[in-house]
Amino acid sequence: QLQLVESGGGLVQPGGSLRLSCTAAGFTLDAYAIGWFRQAPGQGQEGIGCINNSDGRTDYADSVEGRFTISRDNAKNTVYLQMHSLKTDAPAVYYCAANPFKQYGSTCLAQYDYWGQGTQVTVST
């Protein structure tokens, strides 16, 4: 079955940048719509954005619009979450998720079938 692995998390200064990666061995990720989510301790999951599996269009939550970018590198079978202007907050675990259902346009799918284990991001001085 599909197993996703996130990487690239760590400690970053406020206003800094970080790039997270989402990979899957044995599967071609360009066939899947990919969503990014984050969860802080005691909080529910927050949707960050998504990239579709038709023409590569993306959509983002208002809270990250203009600061985060999702992209694909099909040669590396990887989906990236590039984060800029990171804000001080409680440490959060960032997850990628996949769904083989065909997504068109820039509207994220309502649910995802496969999830990674997450990678933690801490923004602090």
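Caption draft 1: The packing of aromatic side chains, seen in detail. Taken as a whole and assessed by the stated rule, the structure comprises four aromatic pairs. Pairing Phe27 with Tyr32 gives two aromatic rings, centres 6.4 Å apart and planes at 80 degrees, and the pair type is edge-to-face. Taking the relative accessible area as the measure of exposure, Phe27 reaches 26% and is therefore partly exposed. Ring centres of Phe37 and Trp115 lie 4.8 Å apart, and the angle between their planes is 45 degrees; this geometry places the pair in the tilted category. With Phe37 in strand β4 (residues 33-39) and Trp115 in strand β10 (residues 114-115), this residue pair connects regions lying 78 residues apart in the sequence. You can call Phe37 buried: its relative accessible area is 15%.

Caption draft 2: Structural detail: the layout of surface pockets. Put simply, the largest pocket is a space of about 300 Å³. Lining the largest pocket are 19 residues, with Arg38, Glu46, Lys87, Asp89 and Tyr94 sitting closest to its centre. At the level of secondary structure, the elements contributing two or more residues to the lining of the largest pocket comprise β4, β9 (89-99) and β11 (119-123). It is β9 that provides the largest number of residues to the lining of the largest pocket, a total of four residues.

Caption draft 3: Structural view of the pairing of β9. Note that β4 and β9 share seven bridges and pair antiparallel. Within the sheet, the bridge partner assigned to Ile34 lies in β9 and is Ala98. Where β9 lies against β10, two bridges are found, and the strand directions are antiparallel. The residue of β10 that forms the bridge with Ala97 is Trp115.

Caption draft 4: Quick look at unusual backbone geometry. Positive phi, normally seen in glycine, also occurs at Asn77, with a value near 50 degrees. Phi is positive for Ser85, which is not a glycine, with a value near 50 degrees. Here Ser85 is to be found in the loop between β8 (78-83) and β9. For Ser85, a relative accessible area of 40% corresponds to the partly exposed category.

Caption draft 5: Focus on the sheet that holds strand β1 (residues 4-7). Here four strands make up an open sheet; going across it, the order is β1-β3-β8-β7 and the pairing antiparallel. The open sheet has two free edges, formed respectively by β1 and β7 (68-73), since each of these has just one partner strand. Geometrically, the sheet is characterised by an average inter-axis angle of 20 degrees between neighbouring strands, direction not taken into account. Pairing of β7 with β8 involves six bridges; the strand directions are antiparallel. Note on β8: the bridge partner recorded for Thr69 is Gln82.

The rules behind each value
Residues numbered from 1 in each chain as written. Predicted model: local features only at pLDDT ≥ 70, side-chain atom pairs only at ≥ 80, totals over all residues. Heavy atoms only, no water. Phe/Tyr/Trp six-rings, centres within 6.5 Å; stacked < 30°, edge-to-face > 60°. Buried < 20%, exposed > 50% of the residue type's maximum accessible area, 1.4 Å probe, protein only. Helix = DSSP H or I, 4+ residues; strand = E, 2+ residues; numbered from the N terminus. 1 Å grid on protein atoms, 1.4 Å probe; cavity = no way out; pocket = protein on both sides within 12 Å on 5 of 7 lines; lining within 4 Å. Points joined across faces, edges and corners; volume = space filled by probe spheres on them. Pairing = 2+ DSSP bridges. Axes fitted to C-alpha atoms, helices over the stretch in contact; angles between N-to-C directions.

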